Amino acid sequence: MSSSLPVTAPQSDKPHGHINHNLTGFIIFLCSESVIFLAFFSGYAILKTSALDWLPPGVEGLEWRTPLLNTAVLISSSGTIMLAEHYKARDKLWLFRGFWLLTMLMGVYFLIGQAVEWHGLAFGFTAGTFGGTFYLLTGFHGLHVATGILLMTIMLIKSFIPGNYAGGEQGVQATSLFWHFVDVIWIILFVLIYVWQ
Amino acid sequence: MTIATFPPEPPPPANWSRYLGFSTDAKVIGIQYIVTAFFFFLIGGLLAMVIRGELITPAADLVDRSVYNGIYTMHGTIMLFLFIFPVLNGLNNLLIPTMIGAPDMAFPRLNTAAFWLVPVFGLLLIGSFFVPGGPAAAGWWSYPPVSIQNPLGHLINGEAMWILAVALSGVSSIMGAVNFVTTILRMRAPGMTLFRMPVFCWTALAAQSLQLIGLPALTGGAVMLLMDLSFGTSFYRPEGGGDPVLYQHFFWFYSHPAVYVIILPVFGIFSELFPVYSRKPLFGYVYVALASFIIVGLGLIVWVHHMFPSGVAQWMRDLFMATTMLIAVPTGVKVFAWLGTLWGGKLRLTTPMLFCIGGLVNFVFAGITGVMLATVPVDIHVSNTYFVVGHFHYVIYGAAVMGIFAAIYHWFPKFTGRMPYEGLGKLHCLLTFAGANLNFLPMHPLGLMGMPRRVSSYDPEFAFWNVLASLGAFLLGVSIIPFLLNMISSWIRGPRATHNPWNAIGLEWLLPSPPPEDNFGEEVPTVISRPYGYGSGEPLVEHQVEIERRLQLQEAAA
């Protein structure tokens, strides 16, 4: 064999298999997840526009003031989670944890508000397509809020592991993206359900 | 000599038990997928034999009518969700990492979980045969209002289990799709730009993107169906203000693209194999690659052609007729590219090549009937007849399954280290091609004559074509015997395969057969040219000659 052969195999610039692909995978998943909401939203719109009697008997419409307050809290929590990320990037971990926890509490407040609203409603999910779609949309979104809070809890606990962020951990970024996603979905949902009556 | 550090050492002798556990190695998972898929293929095939056995005579004399409804429903569901998708995911698992030079998938544990969901929902579906009331019997599309009847009133019933199984299948497929897309986008070998990627990876990327966009719609629709069935909502119940056609939109928004999820990787297989066996570069590589994504874009806006008789507006019929016919353009680009590849090539008629040619012939036929079905008046005339069944089976069995068999014969030596037997393979190919055409061609005249699908008895005037179709089906049933014999015996005691028995070009052929667990490991070769450099003598990667010499020395020593 000729002596001009390379001493070792050609090395790539970035070692394979050691890069963290979690964020890429998570973004792809979120794109996919948005389609299920798209399906529910379009189903809602089709059922509503084609309905003869949209509201079930005895129901005058939905009260929107308390949900609007809940909405304000949820949207603000997108701001607090950004602040948390901001402080994490500057290695101020306690400020990060503080704003992270505040975001979680705002999420919990939203969920409680949702539960209180459900409790006070005069119709159930079998009340025609109005009741069915209302509980389906708010319930499915609520499930995502609960998932977001669960993810944040995990990230909060992991933040206490020494050296957690040294290996390029992407969980905080992914959770934050998820939370913004849940927020955007809620804004569309609020417009569809409470504004368009 | 220091060059001996690469390529990696051949793996230790295969240990069968690793195929039975929770492995995270994509090559083990790939084989687990394929073997599981063929297990369910035999069950689904047995159901097909019962269907054709029933239809060989005009009278309903073999099974009870209600049982027959369950049988064709489960045949369709099993073949799609438990055979075709898993077998393609198996090929993805084997081929994507080795073709792009990745050590494994991007998320190996997610990969394991996605695979092990398959037997779970498979058992759920098979288990529905044994619940009171029997399995789901509303056809594989599960249209309401038929599918939301629950006469016995049990919470656990065949239809509910069907919906859960389909939803779990969706979860598994999404997990797989996230994994495949991330792997293809982020883990390619150095130098392998997108336009140096093998077409199989392009088509896998396209198909998995369709899964990601389409599947959630079906899942959403299925959730609403389950609530209607089990919890008294009325999304699809007209008496409660619901709309049964809404379900059809959700169902077909996914299930039409699902056909492209199936056929796109098969296009990829054709594009890989025709150049190998005609010793010519793939004609129009860039156009073949990009046509996959044109099919994705168009494939998402054609679904209403399944609903022409469902009372949709005339403007929608016109629009979706046009988009459906447009699909023929990118598909035609591919077909002519394959013909251009074959033209003037040195054809080697091996088993995989014969399967590809047979699959291509069947696909072109299916494409022609597809354009017929896109035409609104023809579609309304033959809707819900055997014409549709014939068209669909030409696509799925005639083209896709034959392409899958081609892939299995072609890459079998790479992943098992053994050569499959050519004689048995050619017999399998002949029986499959003859059986498929004898089975599915008579369905077209039957449909044009007006024989409806999903019936267990029919007018005696349809008997002639039905007898032919049934004979074809039994031939297809027989065709599996040489296949299984070949796979089992050649895996156990077939001749040892070299690293590149077909003299093919591609990263996977620069690995030992079978490849070591982490493929190239840290020593991934740098890709310096486009794939399919047949006849040009141009190397695919840096130091290709040394890599191949090393592999040959290893093989000579073994």
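Before any of the text, the structure's been laid out above.
All of these numbers come straight from a predicted model, not from anything done at the bench.

Quick look at the overall build of chain B
Argument step 1. On a plain count of helices and strands, chain B comes out with 16 helices and zero strands.
Argument step 2. For the C-alpha atoms alone, the extent of chain B along its principal axes is close to 80 × 45 × 45 Å.
Argument step 3. In chain B, which comprises 558 residues, the share counted as buried stands at 57%.
Argument step 4. Looking at chain B alone, contacts between residues at least 24 apart form 83% of all its contacts between residues at least 6 apart.

So, the overall build of chain A
Argument step 1. Along chain A, the regular secondary structure elements total five helices and zero strands.
Argument step 2. The N-to-C order of helical and strand elements in chain A reads α-α-α-α-α.
Argument step 3. Taken against the 2.2 N^0.38 rule, which gives 16 Å for 197 residues, the C-alpha radius of gyration of chain A at 23 Å runs more than 25% over that of a compact globule.
Argument step 4. Out of the 197 residues belonging to chain A, those deemed buried represent 31%.

Topic: unusual backbone geometry
Residues and elements named next belong to chain B.
Argument step 1. For the bond from proline 144 to proline 145, the omega torsion is 5 degrees, close enough to zero to count as cis.
Argument step 2. Along the chain, proline 145 falls in the loop between helix H3 (108-127) and helix H4 (158-186).
Argument step 3. A cis amide bond, omega -10 degrees, links serine 513 with the succeeding residue proline 514.
Argument step 4. As for its placement among the helices and strands, proline 514 is situated in the loop between helix H15 (463-493) and helix H16 (544-557).
Argument step 5. Even without being a glycine, asparagine 519 presents a positive backbone phi close to 55 degrees.
Argument step 6. Tracing the chain through its elements places asparagine 519 in the loop between H15 and H16.
Argument step 7. For asparagine 519, a count of 28 C-beta atoms within 10 Å puts it in the buried group.
Argument step 8. Of note in this structure, histidine 543 is not a glycine but carries a positive phi near 60 degrees.
Argument step 9. Histidine 543 gets classed as buried once you count the C-beta atoms within 10 Å, which come to 20.

Some thoughts on the packing of helix H4 (residues 128-158) of chain A against helix H5 (residues 171-195) of chain A
Residue and element names in this part refer to chain A.
Argument step 1. Direction vectors running N to C along H4 and H5 enclose 160 degrees, while the axes themselves pass 10 Å from each other. Taken as axis vectors, H4 and H5 run roughly antiparallel relative to one another. Of the two possible hands of crossing, H4 and H5 adopt the one that is left-handed. Residues Phe134, Leu137, His141, His144, Val145, Gly148, Leu151, Met152, Met155 and Lys158 of H4 lie in contact with H5, whose contacting residues are Gly171, Val172, Thr175, Phe178, Trp179, Val182, Ile185, Trp186, Leu189 and Ile193.
Argument step 2. The class makeup of the residues in the contact of H4 with H5 is 14 nonpolar, five polar and one charged.

Some thoughts on the packing of helix H1 (residues 26-55) of chain B against H15(B)
All names here are of chain B.
Argument step 1. Between H1 and H15, the least distance of the axes is 9 Å, while the angle of their chain directions is 155 degrees. Taken together, the axes of H1 and H15 lie roughly antiparallel to each other. The handedness of the crossing between H1 and H15 comes out as left-handed. Residues Gly45, Ala48, Met49, Arg52, Gly53 and Leu55 of H1 lie in contact with H15, whose contacting residues are Asn466, Ala469, Ser470, Ala473, Phe474, Gly477 and Ile480.

Thresholds, definitions, all that
- Residues numbered from 1 in each chain as written.
- Chains lettered and ligands numbered in written order.
- Predicted model: local features only at pLDDT ≥ 70, side-chain atom pairs only at ≥ 80, totals over all residues.
- Helix = DSSP H or I, 4+ residues; strand = E, 2+ residues; numbered from the N terminus.
- Buried ≥ 20, exposed ≤ 12 C-beta atoms within 10 Å, placed from the backbone.
- Contact = placed C-beta atoms within 7 Å.
- Rg over C-alpha atoms; globule rule 2.2 N^0.38 Å.
- Axes fitted to C-alpha atoms, helices over the stretch in contact; angles between N-to-C directions.
- Parallel < 35°, antiparallel > 145°, perpendicular 65-115°, else oblique.
- Left-handed = near helix turned anticlockwise from the far one by under 90°.
- Nonpolar A, V, L, I, M, F, W, Y, C, P; charged D, E, K, R; others polar.

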